[in-house]
Amino acid sequence: MKRAYEEKLKLCDALEKIADALPNVDRLKCLGTANAIVPLLRNIHQYEETIIFPAYEAATGGSNANLASIRRLRAEHVEDECFAGEVTEILLAIGHGETVGNAEAVGFMLRGFFESMRRHIAFEREHVLPAIGITDQG
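Before going into details, it helps to say that this report is about the structure given with it. (Residues numbered from 1 in each chain as written. Predicted model: local features only at pLDDT ≥ 70, side-chain atom pairs only at ≥ 80, totals over all residues. Heavy atoms only, no water.)

1. Some points on unusual backbone geometry
Short version of the rule: Strands here are runs of E lasting at least two residues and helices are runs of H or I lasting at least four, both read from the DSSP assignment and numbered beginning at the N terminus.
For the bond running from Leu 22 to Pro 23, omega is 5°, close enough to zero to count as cis. Note that Pro 23 resides in the loop between α1 (2–21) and α2 (27–59).

Here is the structure:
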């Protein structure tokens, strides 16, 4: 999980740098970031849903509150992957030379995406991982 979080946070940092640089962004960074988003999230989400979440459910005895948290985290995965598709489209367009028409709107979109991912990671680090005996200080 530590490596997964490092990769997700590195992606967040890249998106933040792009958002901060708008409208004058490095087009190659946009392309590279765009191509990394969806595969990275899908792989990490699959691991969490098949390994981490079942371990959490087993460790916490399947209480209603903890099951509700897992349902919410799974829903966030779906939302993140949908949002990732939209972010990917915008970054690919910018990377291929499309003019950034509304830099403020694009920046807001990118920030919404990476801040959501950072909150998701923080929740898992604070609640899920300790319950299953994984320490991830970072």
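2. Focus: the layout of surface pockets
The condition is simple: Points on a 1 Å grid over protein atoms alone make up a cavity when a 1.4 Å probe fits among them but cannot get out, and a pocket when they form an open set with protein on both sides within 12 Å along at least five of seven lines; lining residues each have an atom within 4 Å of a point. Grid points are joined across faces, edges and corners, and a volume is the space filled by probe spheres set on the points.
Taken as a whole, the largest pocket encloses approximately 260 Å³ of empty space. Around the largest pocket, the lining comprises 14 residues; the ones closest to its centre are Lys 10, Leu 11, Ala 14, Lys 29 and Thr 33. Looking at the lining of the largest pocket element by element, the count peaks at seven residues for α1. Forming the boundary of the second largest pocket are Met 1, Arg 3, Ala 4, Glu 7, Pro 39, Leu 40, Asn 43, Ile 44 and Tyr 47. Those elements giving two or more residues to the lining of the second largest pocket turn out to be α1 and α2. A per-element tally of the lining of the second largest pocket places α2 first, with five residues.

3. Remarks on helix α4 (residues 103–131)
Along an α-helix, a turn takes 3.6 residues, which lines up residues three or four apart on a common side. Counted only if it meets this: In a helix, the anticipated span is given by 1.5 Å times the number of residues less one. To get the bend at any residue, fit one axis to the seven residues that end at it and another to the seven that begin at it, then take the angle between the two axes.
Its 29 residues place the ends of α4 42 Å apart at the C-alpha level, agreeing with the 42 Å of an ideal helix rising 1.5 Å per residue. Residue Arg 125 marks the point of greatest curvature in α4, where the axis turns by about 40°. After α4 finishes, the residue Gly 133 shows a positive phi value of roughly 80°.

4. Points about the packing of α2 against α4
To keep things clear, this is the line we draw: Here the axes come from fitting lines to C-alpha atoms, over the contacting stretch only for helices, and the angles between their N-to-C directions go from 0 to 180 degrees. Roughly parallel means an angle under 35 degrees; roughly antiparallel, over 145; roughly perpendicular, 65 to 115; everything else is oblique. The handedness criterion is simple: a crossing whose near helix is rotated anticlockwise from the far helix by less than a right angle is left-handed, and one whose near helix is rotated clockwise is right-handed. Whether two residues touch is decided by their heavy atoms; if any such pair falls within 4.5 Å, the residues are in contact. Nonpolar residues are Ala, Val, Leu, Ile, Met, Phe, Trp, Tyr, Cys and Pro. Charged residues are Asp, Glu, Lys and Arg, and all others, Gly as well, are polar.
It is at 11 Å that the axes of α2 and α4 come closest, and there the two elements cross at 25°. Our classification of the angle between α2 and α4 gives roughly parallel. Remark: the crossing between α2 and α4 carries left-handed chirality. Here α2 contributes Ile 37, Leu 41, Glu 48, Ile 52, Phe 53, Tyr 56 and Ala 59 to the contact with α4, which in turn contributes Phe 113, Met 117, His 120, Glu 124, His 127, Val 128, Leu 129 and Ala 131. In terms of residue class, the contact of α2 with α4 is made up of 11 nonpolar, two polar and two charged.

5. Some words on the nonpolar core
The following threshold applies: Throughout this description, the term nonpolar core refers to a set of buried Ala, Val, Leu, Ile, Met, Phe, Trp, Tyr and Cys residues connected via side-chain atoms within 4.5 Å. Under the scheme applied here, a residue whose accessible area is under 20% of the maximum for its type counts as buried, over 50% as exposed, and between as partly exposed, the area being computed with a 1.4 Å probe on protein chains only.
Counting residues in each nonpolar core, the largest one holds 26 residues, and the members touching the most others are Leu 15, Ile 37, Val 87, Leu 91, Leu 110 and Phe 113. Listing elements by their share of this core, those giving two or more residues are α1, α2, α3 (64–95) and α4. Ranked by residue count, the leading element in this core is α2, at seven residues. Beyond its immediate stretch of four places on either side in the chain, Leu 110 contacts Leu 15, Ile 18, Ala 19, Leu 22, Val 87 and Leu 91. One finds Tyr 5, Tyr 56, Val 128 and Leu 129 within the second-largest nonpolar core, a separate group that totals 11 residues.

6. Concerning the pattern of salt bridges
Test applied: Definition used for salt bridges: Asp or Glu carboxyl oxygen within 4 Å of a side-chain nitrogen of Lys or Arg.
This structure, assessed with the given rule, holds eight salt bridges. The closest approach of N and O atoms between Arg 111 and Asp 20, which form a salt bridge, is 2.5 Å. Linking Arg 111 in helix α4 with Asp 20 in helix α1, this pair joins segments that are 91 residues apart in sequence. Among the ionic pairs, Glu 81 bridges to Arg 42, the shortest N-O distance being 3.9 Å. Of this pair, Glu 81 sits in helix α3 while Arg 42 is found in helix α2, placing the two residues 39 residues apart along the sequence. Residues joined in a network through salt bridges with shared partners are Asp 13, Glu 16, Glu 115 and Arg 118.

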